[in-house]
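# Structural description and commentary
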6 protein chains.
Amino acid sequence: MEEETLAFLRECGLSIDKVNPRQYIAQIPEIPNLEVWFQRSADVVRKVRDGDIDLGVVGFDAVAEYRGPTDSVVIIHEALGYGYCRLAVAVPEMWVNVNSIADLADLAAGREADRPLRVVSKFQRQAAAFLDRCHVQPYHLLHADGALEAAPQMGTADIIVDLISSGVTLRENRLKEIAGGLLFDSQAVLIGNRTALTTRPDVLVVTREILERTEAHLRACEHYTIIANMRGDSPTQVAQKVFGQSELGGLQGPTISPVYLRETTDTSWYAITIVVRKDRLHQAVAQLRAIGGSGVLVLPTIYIFDEEPFRWHKLLTALGVGSKK
Amino acid sequence: MEEETLAFLRECGLSIDKVNPRQYIAQIPEIPNLEVWFQRSADVVRKVRDGDIDLGVVGFDAVAEYRGPTDSVVIIHEALGYGYCRLAVAVPEMWVNVNSIADLADLAAGREADRPLRVVSKFQRQAAAFLDRCHVQPYHLLHADGALEAAPQMGTADIIVDLISSGVTLRENRLKEIAGGLLFDSQAVLIGNRTALTTRPDVLVVTREILERTEAHLRACEHYTIIANMRGDSPTQVAQKVFGQSELGGLQGPTISPVYLRETTDTSWYAITIVVRKDRLHQAVAQLRAIGGSGVLVLPTIYIFDEEPFRWHKLLTALGVGSKK
Amino acid sequence: MEEETLAFLRECGLSIDKVNPRQYIAQIPEIPNLEVWFQRSADVVRKVRDGDIDLGVVGFDAVAEYRGPTDSVVIIHEALGYGYCRLAVAVPEMWVNVNSIADLADLAAGREADRPLRVVSKFQRQAAAFLDRCHVQPYHLLHADGALEAAPQMGTADIIVDLISSGVTLRENRLKEIAGGLLFDSQAVLIGNRTALTTRPDVLVVTREILERTEAHLRACEHYTIIANMRGDSPTQVAQKVFGQSELGGLQGPTISPVYLRETTDTSWYAITIVVRKDRLHQAVAQLRAIGGSGVLVLPTIYIFDEEPFRWHKLLTALGVGSKK
Amino acid sequence: MEEETLAFLRECGLSIDKVNPRQYIAQIPEIPNLEVWFQRSADVVRKVRDGDIDLGVVGFDAVAEYRGPTDSVVIIHEALGYGYCRLAVAVPEMWVNVNSIADLADLAAGREADRPLRVVSKFQRQAAAFLDRCHVQPYHLLHADGALEAAPQMGTADIIVDLISSGVTLRENRLKEIAGGLLFDSQAVLIGNRTALTTRPDVLVVTREILERTEAHLRACEHYTIIANMRGDSPTQVAQKVFGQSELGGLQGPTISPVYLRETTDTSWYAITIVVRKDRLHQAVAQLRAIGGSGVLVLPTIYIFDEEPFRWHKLLTALGVGSKK
Amino acid sequence: MEEETLAFLRECGLSIDKVNPRQYIAQIPEIPNLEVWFQRSADVVRKVRDGDIDLGVVGFDAVAEYRGPTDSVVIIHEALGYGYCRLAVAVPEMWVNVNSIADLADLAAGREADRPLRVVSKFQRQAAAFLDRCHVQPYHLLHADGALEAAPQMGTADIIVDLISSGVTLRENRLKEIAGGLLFDSQAVLIGNRTALTTRPDVLVVTREILERTEAHLRACEHYTIIANMRGDSPTQVAQKVFGQSELGGLQGPTISPVYLRETTDTSWYAITIVVRKDRLHQAVAQLRAIGGSGVLVLPTIYIFDEEPFRWHKLLTALGVGSKK
Amino acid sequence: MEEETLAFLRECGLSIDKVNPRQYIAQIPEIPNLEVWFQRSADVVRKVRDGDIDLGVVGFDAVAEYRGPTDSVVIIHEALGYGYCRLAVAVPEMWVNVNSIADLADLAAGREADRPLRVVSKFQRQAAAFLDRCHVQPYHLLHADGALEAAPQMGTADIIVDLISSGVTLRENRLKEIAGGLLFDSQAVLIGNRTALTTRPDVLVVTREILERTEAHLRACEHYTIIANMRGDSPTQVAQKVFGQSELGGLQGPTISPVYLRETTDTSWYAITIVVRKDRLHQAVAQLRAIGGSGVLVLPTIYIFDEEPFRWHKLLTALGVGSKK
């Protein structure tokens with residue numbers, strides 16, 4: 001996930017100067033007094049948990065498995081928008097009668113006591129908790145470091161509990177997911193050490209700046225800035241026309257400026273500036289046309305800062321400290 | 001052309017989630033109910049022609065060669081702006097007396113009947129039609145699958161009719177183009193199956209959305225949005241100054257907003273927003289300066305939507321159906 | 001530096017159509033009558049000096065070493081913002097008592113006459129001039145074409161004078177920099193031939209266009225365009241609030257347009273457009289919030305053209321010609 | 001297959017000096033007056049057929065499809081030992097009742113006349129001939145240039161007739177082979193033009209040299225030269241022991257030389273040299289030990305020349321000419 | 001180590017047909033009924049231990065760490081000649097007073113009880129046992145999955161116990177090895193499951209075949225076959241001259257055959273065939289010359305089979321079974 | 001040339017353990033007390049000349065240009081068999097009247113004094129000496145670091161004197177070689193410092209070992225060891241048959257051993273071992289067959305050591321020292 005995280009931070013305006021692929025420590029010029037360490041996922045969580053690192057970016061799956069029983073790992077941003085995968089149960093395609101977790105529980109229950117379901121997983125804690133919760137009993141949990149999707153075909157396990165992204169690897173190993181077999185969806189998250197966040201103000205300051213940039217960037221990723229020309233009697237009337245359309249509400253009201261035409265007799269044109277969701281662009285353009293809009297410019301947007309970072313208050317509450325700037 | 005087409009669609013806001021290079025079928029999340037197939041050029045045209053595929057993106061050269069005698073392949077967008085090449089005749093550099101298609105016709109006519117001009121081409125239909133049209137007689141048309149530029153040096157053909165992009169390969173094989181030897185210029189085009197377009201409204205809806213995005217993207221590729229500050233007595237006077245300059249016409253009149261200066265006595269500044277062609281940027285900036293402009297911001301633009309997609313009406317006419325939204 | 005220069009020119013809107021990596025001559029479609037040659041650094045400087053090339057982009061280090069004693073190489077733009085490195089003295093890490101150029105001079109002076117300090121460098125002229133200037137005497141200057149950082153470990157030289165970028169190679173060869181040992185910092189520069197610039201108006205015209213685009217691009221690289229909504233009694237009052245904040249000064253005063261809200265009773269919202277430095281974004285957003293701003297859009301900017309290219313006047317002065325357009 | 005063919009020829013002692021990947025003509029220094037052309041498979045067969053090329057190395061599958069009805073393409077060596085694949089029918093995995101070519105014929109026969117089995121293949125001639133021979137009727141034969149394994153999943157064909165090497169691509173596209181569905185096995189073959197071989201002695205000379213080297217190399221690939229020490233009363237007795245073992249027969253009798261030991265009293269040791277098949281090495285060593293052998297050296301062998309190239313006589317017969325050197 | 005193992009087996013005449021890099025199961029055509037699994041090192045040892053796999057090729061380091069307390073993992077060949085590395089303690093270069101394991105024990109003993117030496121290692125069992133054995137007390141053992149050489153510089157550990165191959169990574173992280181700090185040297189080994197080896201004869205047969213080929217190949221890697229001409233009165237006298245030289249002893253006595261010269265009067269030449277160690281080649285050639293040898297041919301050797309595989313008896317003894325073929 | 005030199009030394013049995021591409025110093029395990037340095041060609045020659053290095057492997061072209069006027073650089077082996085190229089004059093293809101060095105001298109002589117022939121070369125010394133020797137006058141010699149083949153097309157030089165390997169680059173730049181324009185052919189050579197060779201016996205010992213291995217390897221590269229069976233009345237008669245054939249002379253007489261056949265009545269077969277040149281293999285096999293040979297085994301050979309390294313005596317003479325072992 002290192003490549004994706006470097007790209008994400010760069011898009012948030014935080015460039016990391018890592019000149020050497022074997023280098024494990026780097027700087028972010030935009031935020032002084034910050035040292036960036038490159039570690040394997042499990043090590044990131046362990047080190048945030050133990051206080052060796054203050055902040056970490058890692059997949060939620062690693063947080064779930066390695067955060068431990070204490071509350072020392074705080075999730076600051078739970079959805080950074082990349083690194084998507086899911087932890088799920090997969091069984092052999094050939095098991096045509098096992099299509100749900102209930103079917104799996106029946107199958108396990110029906111086996112003789114000395115032949116429990118053999119489950120292989122890198123996520124020992126999550127897998128055990130999930131199987132117990134779903135009453136899949138009895139089972140025998142095996143550990144493997146490598147590509148465990150091949151285990152059922154090799155005959156060393158019956159089913160797997162593993163991370164799945166596209167599902168291609170599953171199909172290549174003749175495995176299938178089952179209904180109710182999802183442990184959780186995962187994506188990249190920002191985590192922090194509770195003690196560092198509550199006792200060291202400089203950590204909190206940096207956290208806030210990262211949170212600001214992250215939220216503003218992710219919001220901008222979902223929106224376009226639109227400038228459209230529109231015929232109207234007055235700014236107020238143009239604004240009313242805009243308010244009549246569901247897709248044009250924007251973050252607040254539209255900005256309206258006069259447009260001047262070569263033919264001076266016709267002055268009733270206005271330029272409106274609004275922000276629309278990217279996935280509603282087609283509908284927004286249609287509605288603009290419907291109320292007399294034309295010449296629609298769509299501009300890219302790098303950040304959209306809102307009043308306060310939404311997750312900032314959530315974080316302060318979670319840390320049990322009052323809001324402060 | 002696959003890489004370029006994926007890049008083009010991505011820039012049009014249509015991202016294709018193809019996770020595996022050996023995968024032949026993919027989806028575009030922005031347009032549901034659409035399946036994208038990856039096929040060789042000739043197969044794309046054949047399948048659109050036979051109705052196996054509804055829409056296709058392919059080089060015009062393949063359309064010309066494989067569309068067949070019926071009108072079942074409709075060209076929806078004839079200039080997607082990439083995949084540029086040309087189909088042309090090339091003869092050995094050593095033929096110093098053959099510099100035009102007329103010279104070539106003379107040479108062919110002067111050869112003995114049992115030694116006709118040997119022409120090699122992957123474009124059998126186009127080559128034959130062109131040579132007949134230009135009275136290059138007699139000739140013997142040969143077929144080859146591979147790199148046929150080497151055929152004249154190998155002695156297995158006299159001339160070639162082939163796609164040329166940069167001309168480097170021609171020169172490396174000591175070939176040259178001749179005057180009048182151009183069959184046609186080619187670039188990527190969007191094609192559709194006539195029956196699908198006329199009988200299945202959902203195909204027409206998707207076609208329109210793709211056409212909207214394509215036209216708006218290609219228009220944006222050729223323009224910049226400009227914000228400039230300009231001194232003036234009134235918005236009207238500023239507008240008049242702008243209208244006096246040839247490069248600043250924009251798509252419609254300029255948007256004009258007041259600018260406030262620190263020194264309150266000087267309030268006669270306005271910000272104008274216009275759209276200029278990229279290849280006239282230098283001239284536009286010069287004209288802005290000439291009429292008192294300064295502080296010119298040039299912004300990138302992702303889409304410029306006009307009133308209706310220009311090619312939409314053309315397409316409806318071509319299909320023989322009345323305009324409908 | 002070829003890759004970086006191609007990228008830089010592309011970002012300045014000057015795309016070079018080099019189809020073949022072994023090709024040494026190319027065109028820039030945006031500027032006709034211009035031929036681009038790809039040459040090694042030393043050759044670029046030599047050819048600009050001798051008038052074989054009119055303009056060149058090259059590292060300052062090569063200019064310093066190869067420009068020669070005449071003033072025929074004119075530096076047109078001295079800071080293109082990439083290709084950063086520095087020419088500096090490096091000594092073995094083991095020389096724990098040598099930490100400054102003065103220490104080095106002492107060490108050299110203390111050696112017997114027949115065992116002068118052996119200095120290896122690709123920059124013969126710069127190294128000699130610097131060592132003389134710093135009274136490091138006596139020394140013996142050696143020439144090497146290859147990776148000379150290894151020379152002290154191999155025992156063929158005592159110290160090196162070489163280009164340093166990240167410092168990783170130095171450390172791997174157990175060398176260190178010393179205080180006062182910096183000859184100069186270097187980055188990519190734009191140079192021209194004095195005779196061509198003073199006698200051939202077309203060269204001056206192209207130079208000005210490149211300078212315009214370069215400055216406008218580099219200025220844009222350092223700024224964001226910001227649109228923010230702000231509550232206020234009147235445009236004038238909003239402008240005053242903006243003027244009260246140190247980070248919001250922008251290039252000139254803010255552009256202010258009314259914003260219309262769904263609730264017609266509340267009309268006291270305005271959209272302000274300003275330009276802020278990228279490295280002050282965080283502070284600017286904070287100040288905007290402090291004076292009632294919200295919904296801050298941050299837009300990318302491609303060029304910011306100022307009244308006249310700053311370096312244009314400098315160049316005309318350096319060439320001894322009056323200003324002309 | 002270009003890479004493999006270059007490697008094969010190199011192992012046969014025929015190195016091709018192709019310095020440039022885009023180069024289509026090269027030389028073999030070991031055989032003067034020989035020009036090597038690099039062409040696509042279909043073009044190789046076409047050009048040998050038409051006499052543009054005298055000799056060709058190509059997959060048998062291309063020969064079968066493109067050799068045409070005349071006997072102008074002569075197969076000189078039918079098994080060069082690489083480029084293995086097979087041309088076979090593949091049907092969807094889901095067709096659980098179709099497991100043989102007879103099943104397929106039943107299925108085709110049972111379909112309505114207007115819905116014939118749609119078969120897609122690059123091997124139009126072979127596919128049609130095979131389906132007719134196997135009474136699979138009616139069918140509709142489609143042409144495709146690209147990866148046609150996806151056609152059944154796309155719904156544009158029912159079954160495919162295609163080259164299969166490892167079978168991985170088949171499985172990824174959920175296809176399976178069926179009993180009796182093999183058209184032929186294919187590997188690289190050496191072909192020649194009949195007219196060139198019968199009328200131009202120099203072509204025959206080169207053909208013989210290539211055939212010599214090819215056969216001697218392929219024979220060497222399958223054998224090891226073995227030197228073993230063996231106790232015995234006399235060379236004759238040692239030879240008799242060797243003849244008593246099935247794996248030690250070699251090409252002819254063993255070579256036997258005396259071995260001298262440090263202890264002069266014991267002189268009854270002999271070294272035997274034999275040639276054994278690689279795939280019988282284990283058994284041969286066991287038999288050697290059984291008859292008192294030890295210290296078995298296994299040497300690589302580059303060529304094993306037999307009396308005359310086996311295929312040389314076959315070729316002369318096929319060409320209808322008497323044997324000549 | 002997968003690449004090296006595939007290469008090693010190929011050189012032993014055991015080629016694995018793994019067509020797909022994502023494939024985990026393959027075959028060795030030379031040994032039927034054998035399935036090859038590709039697994040991470042730790043999984044190989046675990047599965048051999050648990051009987052999921054019968055035989056495994058893996059680094060000795062993994063065997064040491066994961067074989068567990070029982071004797072179910074049997075080492076069949078302890079030195080396959082590749083995958084060399086060593087498990088050792090490394091401390092910061094800056095610890096100028098810590099140069100031996102005794103120094104390290106002193107340093108640990110001298111620290112306060114609440115600040116034990118922090119040791120990070122992937123080899124938890126080996127590290128703990130070694131530190132205890134060397135009386136390095138107290139220490140705190142940390143676990144990490146990733147590149148732990150950076151831990152001391154990051155401040156999360158004091159020293160490391162890790163695999164070292166070239167030592168470059170150590171130096172880059174400013175670490176050094178210390179006297180007495182070596183836990184063990186490691187290379188690739190062949191292991192087997194005791195139960196499978198003692199109860200399933202087919203496993204033993206395959207093991208023997210692999211052992212034969214492995215030993216014969218490794219012995220051949222260290223020797224050349226030499227044929228030299230030598231003047232002498234009789235074969236016996238030539239043999240005596242050979243016996244007089246220390247480097248020419250070979251595996252047994254030399255093979256001696258007569259050499260015939262063009263000048264029939266001089267018949268006193270013999271060719272001797274001997275086997276010499278590669279690293280003594282220079283000396284052997286010098287001794288051959290000293291006793292009248294000339295025209296020394298050095299031939300490569302693929303296998304040298306001795307009477308019985310040396311490790312075969314060792315293995316049978318270790319398994320507690322009598323010798324059998 | 002680094003890659004080729006490493007491969008060459010490896011084939012000579014001298015493996016260099018260079019683990020890191022940025023590493024400049026390595027060891028050869030087979031020869032202790034030897035340090036291998038990786039340097040640019042010019043630096044290798046300079047350092048051997050100055051005594052910084054004792055021995056060097058480098059292209060002859062660099063030796064010619066950089067060895068200087070003294071005799072301190074001794075060429076120990078002048079033909080290592082790789083790195084082939086030639087230093088030659090090349091002129092524009094368009095100069096149809098310039099086809100020899102005499103034509104070039106005429107052309108230079110015919111130009112006006114102020115427009116001398118502009119020659120660009122990296123080989124300043126060689127180029128000047130050659131042009132003077134060939135009476136090409138007047139000329140102006142230019143220096144360039146980079147790809148100077150483009151200089152004539154750019155107009156900055158008229159002709160070039162440069163290294164040519166395949167000639168492809170020349171043709172791409174529309175240049176041609178001319179008769180008499182060859183300065184010299186070049187390949188890799190082994191050089192040494194005269195003082196080191198004459199005063200330090202250990203250098204001479206290592207030189208001899210390298211020379212032995214190099215000569216023996218290069219001799220082996222050109223020969224095959226052949227074992228053939230041959231019918232004959234006696235070894236002497238077989239030998240006579242062999243001596244009657246021109247290609248079978250070998251290095252000395254053939255080794256002849258009896259072959260034993262299954263049918264004991266027929267004992268008149270012998271195995272002969274000879275060494276033949278690779279490029280005469282075809283003829284040798286034909287001659288063997290002509291005298292009753294069959295079953296010809298061709299074995300690879302790694303080294304062929306002759307009585308003494310041929311160049312060893314040459315070297316001792318060049319150094320002015322008597323022969324010693």
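Since we're looking at a predicted model, the values are computed, not measured.

## Quick word on the overall build of chain A
What chain A contains, in helices and strands, is 12 helices and 15 strands. For chain A, whose C-alpha radius of gyration is 26 Å, the value lies well above the compact-globule estimate of 20 Å for 325 residues. If one aligns the C-alpha atoms of chain A with their principal axes, the spans along those axes are about 95 × 50 × 40 Å. Here chain A holds 325 residues, and 55% of them are scored as buried. Summarising the internal contacts of chain A: among those between residues at least 6 apart in sequence, 69% fall at separations of at least 24. Taking the average location of the 34 positive side-chain charges in chain A and that of its 41 negative ones, the two points are 1 Å from each other.

## Focus: the interface of chain A and chain C
Counting from both sides, the interface comprises 31 residues of chain A and, opposite them, 25 residues of chain C. With both chains or domains summed, chain A and chain C bury close to 2500 Å², and 59% of this area falls on carbon and sulfur atoms. At the boundary of chain A with chain C, the tally comes to 1 salt bridge. Between E212 of chain A and R289 of chain C there is a salt bridge; the shortest N-O distance is 2.7 Å. Between chain A and chain C we count 8 residue pairs in polar contact (both at pLDDT 80 or more) in total. Counting only elements with at least two residues in the side of chain A that touches chain C, the list comes to helix 9 (201-221), helix 10 (235-243), strand 12 (255-259) and strand 15 (303-305) of chain A. The element that contributes the greatest number of residues to the side of chain A that touches chain C is helix 10 of chain A, accounting for 5 residues. Across the side of chain A that touches chain C, the residue classes tally to 14 nonpolar, 10 polar and 7 charged. Relative to strand 14 (residues 293-299) of chain C, strand 15 of chain A runs antiparallel, the two sharing 3 bridges. Directly across from Y303 of chain A, in strand 14 of chain C, lies its bridge partner V298 of chain C.

## Overview of the relation of the copies chain A and chain C
The pair of chain copies shares a relation made of a rotation about an axis and a shift along it. Mapping chain A onto chain C calls for a rotation angle of 120 degrees and an axial translation of 0.0 Å; the resulting RMSD is 0.1 Å. On the angle and the small slide along the axis, the relation comes out as a three-fold axis. Closest approach to the rotation axis among the C-alpha atoms of chain A is made by S257 of chain A, whose C-alpha sits 3.6 Å away. Of all interface residues in chain A, a mere 10% are interface residues in chain C too; the two copies therefore contact each other through different surfaces.

## Things to note about helix 10 (residues 235-243) of chain F
Residues and elements named next belong to chain F. Taken residue by residue, helix 10 has V238, A239, V242 and F243 as its buried positions. Down the axis, helix 10 shows its buried residues gathered within 140 degrees of arc, on one side only. Buried residues belonging to helix 10 abut strand 11 (223-231), strand 12 (255-259) and strand 13 (269-277).

## Things to note about the packing of helix 9 (residues 201-221) of chain D against helix 12 (residues 310-319) of chain D
Residues and elements named next belong to chain D. Taken N-terminus to C-terminus, the directions of helix 9 and helix 12 make an angle of 145 degrees; their axes are 9 Å apart at the nearest point. For helix 9 against helix 12, the interelement crossing comes out right-handed. On helix 12, the residues touching L204, T207, R208, L211 and E215 of helix 9 are F310, R311, W312, L315, L316 and L319. Residue composition of the contact of helix 9 with helix 12, by class: 7 nonpolar, 1 polar and 3 charged.

## Details of a positive patch on the surface
Residues R40 and K122 of chain A together with R40 and K122 of chain E make up a contiguous surface patch of positive charge. If you trace the backbone, K122 of chain A turns up in the loop between strand 6 (117-121) and helix 5 (124-133).

## Overview of the pattern of salt bridges
A full pass over the atoms with the stated rule returns 120 salt bridges over all chains. Here E177 of chain B and R86 of chain B are joined by a salt bridge, their closest N and O atoms 2.5 Å apart. One end of the pair, E177 of chain B, is in strand 9 (residues 175-186); the other, R86 of chain B, is in strand 5 (residues 85-92), with 91 residues separating them in the sequence. R125 of chain D is the salt-bridge partner of E65 of chain D, the closest N and O atoms lying 3.3 Å from each other. Taken together, the residues span a long stretch of sequence, with E65 of chain D in helix 3 (residues 60-66) and R125 of chain D in helix 5 (residues 124-133) at a distance of 60 residues.

## Things to note about the pairing of strand 13 of chain F
All names here are of chain F. Summarising burial for strand 13: 8 of the 9 residues are buried, a large majority. Bridging between strand 11 and strand 13 involves 9 bridges; their strand directions are antiparallel. Paired with A228 across the bridge in strand 13 is I272.

## Remarks on the domain arrangement of chain A
Residues and elements named next belong to chain A. Taken domain by domain, chain A holds domain 1 (2-81 + 187-220), domain 2 (85-185) and domain 3 (223-300). With 6 residues of domain 1 at the contact, the number on the domain 2 side is 9 residues. Summing the contributions of domain 1 and of domain 2, the shared interface buries around 630 Å²; its carbon and sulfur component is 49%. Here domain 1 and domain 2 share 1 salt bridge between them.

## Topic: the sheet that holds strand 7 (residues 139-142) of chain C
Residues and elements named next belong to chain C. Pairing is mixed across the open sheet formed by 5 strands, whose spatial order is 7-6-8-5-9. For this open sheet the edge positions go to strand 7 and strand 9 (175-186), each flanked by a neighbour on one side alone. In this sheet, adjacent strand axes meet at a mean angle of 25 degrees when their direction is disregarded.

## Let's talk about the side chain of S121 of chain D
Residue and element names in this part refer to chain D. When you line up the elements, S121 lands in strand 6 (residues 117-121). Classification of S121 by relative accessible area gives buried; the value is 0%. At a separation of 2.8 Å, a polar atom in the side chain of S121 contacts the main-chain amide nitrogen of F123. Those residues in contact with S121, other than ones at most four positions away along the chain, are A127, L142, H143, A144, L148 and V161.

## Comments concerning the sheet that holds strand 6 (residues 117-121) of chain F
Across a sheet, paired strands are connected by hydrogen bonds in the backbone, their directions being either parallel or antiparallel. All names here are of chain F. If you trace the 5 strands from one edge of the open sheet to the other, you get 7-6-8-5-9, paired in mixed fashion. The open sheet has two edge strands with one neighbour each: strand 7 (139-142) and strand 9 (175-186). In this sheet, neighbouring strand axes are inclined to one another by 25 degrees on average, regardless of whether the strands run parallel or antiparallel. In the sheet, strand 6 pairs with strand 8 (residues 159-164) via 3 bridges, with the strands oriented parallel. Counted as the bridge partner of V119 is I159 from strand 8. Seen against the sheet, helix 4 (residues 101-110) touches strand 5 (85-92), strand 6, strand 8 and strand 9 and runs at an angle of roughly 115 degrees to strand 9.

## A few points about helix 5 (residues 124-133) of chain C
Side chains that are three or four residues apart share a direction in an α-helix, a result of its 3.6 residues per turn. Of all the positions in helix 5 of chain C, only Q126, A127, A128, F130 and L131 of chain C are classed as buried. Immediately downstream of helix 5 of chain C, the backbone of H135 of chain C shows phi near 60 degrees, a positive value.

## Looking at the pairing of strand 6 of chain D
All names here are of chain D. Across the 5 residues of strand 6, 4 count as buried, placing the element largely inside the fold. As judged from the 4 bridges shared by strand 6 and strand 7 (residues 139-142), these two strands associate in the parallel manner. Residue pairing in the sheet places R118 in a bridge with H140 of strand 7. Once you follow strand 6 into helix 5 and on to strand 7, the crossover reads as right-handed.

## Considerations on the environment of A286 of chain E
One can find A286 of chain E in helix 11 (residues 281-290). Remark: the alpha-carbon pair of A286 of chain E and A102 of chain E, spanning 184 residues in sequence, is separated by 48 Å.

What counts, and at which threshold
Residues numbered from 1 in each chain as written. Chains lettered and ligands numbered in written order. Predicted model: local features only at pLDDT ≥ 70, side-chain atom pairs only at ≥ 80, totals over all residues. Heavy atoms only, no water. Helix = DSSP H or I, 4+ residues; strand = E, 2+ residues; numbered from the N terminus. Rg over C-alpha atoms; globule rule 2.2 N^0.38 Å. Buried < 20%, exposed > 50% of the residue type's maximum accessible area, 1.4 Å probe, protein only. Contact = heavy atoms within 4.5 Å. Lys, Arg positive; Asp, Glu negative; His and termini not counted. Charge placed at Lys NZ, Arg CZ, Asp CG, Glu CD. Buried area = accessible area lost by both parts, 1.4 Å probe. Salt bridge = Lys/Arg side-chain N within 4 Å of Asp/Glu carboxyl O. Polar contact = N/O pair within 3.5 Å; in protein donor to acceptor, adjacent residues only side chain to side chain. Nonpolar A, V, L, I, M, F, W, Y, C, P; charged D, E, K, R; others polar. Pairing = 2+ DSSP bridges. Least-squares fit on C-alpha atoms with pLDDT ≥ 70 in both. Arc of directions from axis to C-beta. Axes fitted to C-alpha atoms, helices over the stretch in contact; angles between N-to-C directions. Left-handed = near helix turned anticlockwise from the far one by under 90°. Patch = residues over 30% accessible without salt bridge, like charges linked within 9 Å, V, L, I, M, F, W, Y side chains within 5 Å. Areas by Shrake-Rupley, 256 points an atom, 1.4 Å probe, with all protein chains shown as cover. Domains from an automatic or database assignment. Right-handed = clockwise from strand over helix to strand, strands pointing away.

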